[in-house]
Amino acid sequence: MTKFSDLNLNPKVLKAIDEAGYESPTPIQAGAIPPALQGRDVLGIAQTGTGKTASFTLPMITLLARGRARARMPRSLVLCPTRELAAQVAENFDTYAQHVKLTKALLIGGVSFKEQEALIDKGVDVLIATPGRLLDHFERGKLILSDVKVMVVDEADRMLDMGFIPDIERIFGLTPFTRQTLFFSATMAPEIERITNTFLSNPERIEVARQATASETIEQGVVMFKASRKDREGSEKRRVLRALIDQEGEACTNAIIFCNRKVDVDICAKSLKKYGYNAAAIHGDLDQSQRMKTLDAFRNGELRILVASDVAARGLDVPSVSHVFNFDVPGHAEDYVHRIGRTGRAGREGKAFTIVVPRDEKNFEDVETLIQKEIPRVENPAKPSAPRKSSRSAKPEVVEKAEAPKPAEKPVQDKYESKDRGSKPTRSRSRSRGGSDRHHKDNNVVGLGDHLPEFIALSFEERRAS
Ligand code: AMP
């Protein structure tokens with residue numbers, strides 16, 4: 001097995017790695033560091049969680065340790081798709097470069113231009129930036145990119161999703177032709193292939209196993225769920241989510257919940273808070289200081305549950321997330337891999353649960369095709385037969401306004417789930433849940449007084465049949 005000491009890294013960098021507690025390089029590090037140190041271009045196909053940040057930061061620091069920065073002319077450039085990822089790369093850089101005298105500037109939105117300009121004016125070795133903010137600085141005439149020796153593009157596929165490719169092409173054009181390029185992407189979409197063919201020169205290509213294999217330590221599960229009524233889907237899904245969290249009890253030390261839409265991120269976080277969970281939202285519409293505050297709280301353990309959108313969670317480095325919950329199935333199968341990769345990092349164990357409604361079935365099939373594995377179906381823990389309260393049972397039951405029991409609200413139906421696991425959705429099952437007279441008496445219907453017309457308490461099938 002390769003050792004860090006075999007890789008020709010600067011001894012001061014080796015010291016920092018040792019202090020970080022890393023024992024041996026990950027495959028992307030073992031593959032990318034040697035060619036990077038030889039000055040070659042690198043094309044790394046790797047995802048977050050594989051140790052890819054260090055695979056470019058460590059050789060960069062080693063290369064930059066010789067030489068000095070000149071005013072307004074950074075010697076290296078790292079481009080990241082999001083502010084969070086850029087901030088995280090900067091943190092990694094600080095860790096690994098702590099024994100080497102190098103200067104850096106972080107150019108991201110939400111921070112004043114003045115402060116950033118002052119740093120650039122003094123001269124920086126490493127500039128870590130999001131593409132838009134970097135170009136803003138360039139256009140203000142405060143930045144000269146003609147001395148860039150090493151340029152890193154991190155998470156290029158995410159840049160593509162976010163529409164940054166024209167900016168990236170422009171930035172490539174502003175840096176010298178002779179620069180060294182270290183380019184990372186989780187997937188190789190045709191557009192990414194085109195960029196690498198255009199701007200990389202005879203790169204060393206290193207592809208590490210997709211996260212599907214890197215994440216053997218992640219236990220996955222899926223709840224196939226169908227709401228009792230379309231307009232109740234949101235609230236019933238949230239009930240399933242709470243039941244999943246409860247079911248995990250104390251094993252769920254901290255979790256990230258992914259929603260596809262920002263609006264659902266907000267609703268989900270608010271709902272969890274109302275139910276007494278320690279949860280907060282993070283998405284692109286929140287201001288930078290708010291996002292940083294939430295992330296810090298999550299990192300240092302003050303916040304247990306982070307509800308996030310894909311973009312906001314990119315590059316979020318929280319080494320010990322115990323659980324990931326997909327409130328929605330992501331639209332791109334690769335995102336599933338990214339999402340669950342937030343847990344089970346660097347060899348640790350983790351659990352990832354996904355809630356699938358019929359509409360998301362196709363996307364879910366794509367996920368299983370991509371990871372070439374059937375994700376185990378798990379029982380819907382919110383089913384009326386299952387105990388509804390576990391670790392939270394001591395807490396007061398809070399009823400959300402939007403989720404207050406509605407007239408004749410019946411328990412969550414699970415026909416979809418039974419169908420998916422091969423057993424027939426029988427009428428007798430739904431009858432036994434909500435149909436019998438005895439059940440009506442046990443299950444007082446809220447909101448219609450005592451004189452409930454008989455037909456209202458029948459299930460849909462029963463009403464049709466009667
Ligand atoms: P990344 O893929 O860069 O987001 O890194 C994922 C996580 O792995 C981070 O928490 C790193 O601190 C950690 N890490 C990176 N390299 C190693 C290594 N060689 N050994 C152990 N952990 C590592």
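Just so we're clear, the structure is a prediction, and the values are computed from it rather than from any experiment.

Digging into the overall build of the chain
Right, so step 1: Broken down by element type, the chain carries 20 helices and 13 strands.
Right, so step 2: A buried classification covers 52% of the 466 residues belonging to the chain.
Right, so step 3: For the chain, contacts bridging at least 24 residues in sequence account for 75% of all contacts bridging at least 6.

A word on the side chain of Thr175
Right, so step 1: Mapped onto the elements of the fold, Thr175 is located in the loop between helix H8 (165-174) and strand S6 (180-185).
Right, so step 2: Of the polar contacts made by the side chain of Thr175, one reaches the backbone oxygen of Phe172; its length is 2.8 Å.
Right, so step 3: With sequence-adjacent residues up to four places away left out, Thr175 is seen in contact with Leu77, Leu145, Val148 and Met151.

Observations concerning the packing of helix H4 (residues 83-96) against helix H13 (residues 288-299)
Right, so step 1: The contact between H4 and H13 brings their axes to 11 Å, and the two run at 55 degrees. Here H13 runs oblique to H4, going by the angle between their axes. Judged by the twist between their axes, the crossing of H4 over H13 is right-handed. Counting all contacts with H4, which are made through Arg83, Glu84, Ala87, Gln88 and Glu91, the residues of H13 involved are Gln288, Arg291, Met292, Leu295 and Arg299.
Right, so step 2: Residues of the contact of H4 with H13, tallied by class, amount to three nonpolar, two polar and five charged.

Notes on the sheet that holds S6
Hydrogen bonds between backbone groups are what pair the strands of a sheet, and the pairing can be parallel or antiparallel.
Right, so step 1: The seven strands are arranged S3-S4-S2-S5-S6-S1-S7 in an open sheet whose pairing can be described as parallel. On the outer flanks of this sheet lie strand S3 (104-107) and strand S7 (204-207), each paired with one strand and no other. Each adjacent strand pair in this sheet contributes to an overall mean axis angle of 10 degrees, direction not counted.
Right, so step 2: Here strand S1 (residues 42-45) runs beside S6; their pairing, made up of four bridges, is parallel.

Focus on the packing of aromatic side chains
Right, so step 1: Scanning all chains against the criterion turns up four aromatic pairs.
Right, so step 2: Their ring planes at 65 degrees and their centres at 6.2 Å tell us that Tyr22 and Tyr96 sit as a pair that is edge-to-face. With Tyr22 in the loop between helix H1 (11-20) and helix H2 (27-37) and Tyr96 in helix H4, this residue pair connects regions lying 74 residues apart in the sequence.
Right, so step 3: Ring plane angle 5 degrees and centroid distance 4.4 Å describe the contact between Phe172 and Phe199, whose orientation is recorded as stacked. Of the two residues, Phe172 sits in helix H8 while Phe199 sits in helix H9 (residues 190-199), which places them 27 residues apart along the sequence.
Right, so step 4: We classify Phe172 as buried; its relative accessible area is 2%.
Right, so step 5: It is Arg140 that lies over the ring of Phe113; its NZ or CZ is 4.1 Å from the centre.
Right, so step 6: For Arg242, the ring lying beneath its charged end belongs to Tyr275, and the centroid distance is 3.6 Å.

Here we look at the sheet that holds strand S11 (residues 305-308)
Right, so step 1: With respect to topology, six strands assemble into an open sheet ordered S8-S13-S12-S9-S11-S10, the strand pairing being parallel. The open sheet has two edge strands with one neighbour each: strand S8 (218-224) and strand S10 (279-282). Across the sheet, the mean angle from the axis of one strand to that of its neighbour is 20 degrees, orientation sign disregarded.
Right, so step 2: Two strands pair when backbone bridges link them, and strand S9 (residues 255-258) and S11 are joined in this way by four bridges, in the parallel orientation. Across the sheet, the residue bridging to Phe258 is Ala308, located in S11.
Right, so step 3: Across the sheet, helix H15 (residues 333-340) is in contact with S8, S9, strand S12 (323-326) and strand S13 (350-356); its angle to S12 comes to roughly 150 degrees.

Considering the pattern of salt bridges
Right, so step 1: All chains considered together, the criterion is met by 26 salt bridges.
Right, so step 2: Close ionic contact of Asp121 with Arg72 constitutes a salt bridge, the shortest N to O distance being 3.7 Å. Here Arg72 lies in the loop between helix H3 (52-64) and strand S2 (76-79) and Asp121 lies in helix H5 (residues 113-122), a separation of 49 residues in the sequence.
Right, so step 3: Of the charged contacts in the structure, one is a salt bridge between Arg140 and Glu117, with a shortest N-O distance of 2.8 Å. With Arg140 in the loop between helix H6 (131-139) and strand S5 (150-153) and Glu117 in helix H5, this pair connects stretches of sequence that are 23 residues apart.
Right, so step 4: Overall, Arg140 belongs to the partly exposed group, its relative accessible area being 45%.
Right, so step 5: Each of Lys52, Asp154 and Glu155 takes part in a single network of salt bridges with overlapping partners.

Describing the nonpolar core
Right, so step 1: Counting 39 residues, the largest nonpolar core has Leu58, Val78 and Ile128 as the members making the most contacts within it.
Right, so step 2: Elements supplying a minimum of two residues to this core: H1, H2, H3, H4, strand S4 (126-129), S5 and S6.
Right, so step 3: Element by element, the count of residues in this core is highest for H3, at seven residues.
Right, so step 4: Discounting residues that sit within four places of it in the chain, Val78 has contacts with Phe56, Met60, Val89, Val126, Leu127, Ile128, Ala129 and Val152.
Right, so step 5: Among the nonpolar cores identified, the runner-up in size contains 30 residues, and Ile120, Leu143, Val153 and Met188 belong to it.

Calculation criteria
- Residues numbered from 1 in each chain as written.
- Predicted model: local features only at pLDDT ≥ 70, side-chain atom pairs only at ≥ 80, totals over all residues.
- Heavy atoms only, no water.
- Helix = DSSP H or I, 4+ residues; strand = E, 2+ residues; numbered from the N terminus.
- Buried < 20%, exposed > 50% of the residue type's maximum accessible area, 1.4 Å probe, protein only.
- Contact = heavy atoms within 4.5 Å.
- Polar contact = N/O pair within 3.5 Å; in protein donor to acceptor, adjacent residues only side chain to side chain.
- Axes fitted to C-alpha atoms, helices over the stretch in contact; angles between N-to-C directions.
- Parallel < 35°, antiparallel > 145°, perpendicular 65-115°, else oblique.
- Left-handed = near helix turned anticlockwise from the far one by under 90°.
- Nonpolar A, V, L, I, M, F, W, Y, C, P; charged D, E, K, R; others polar.
- Pairing = 2+ DSSP bridges.
- Phe/Tyr/Trp six-rings, centres within 6.5 Å; stacked < 30°, edge-to-face > 60°.
- Lys NZ or Arg CZ within 6 Å of the ring centre and 35° of its normal.
- Salt bridge = Lys/Arg side-chain N within 4 Å of Asp/Glu carboxyl O.
- Core = buried A, V, L, I, M, F, W, Y, C linked by side-chain atoms within 4.5 Å.

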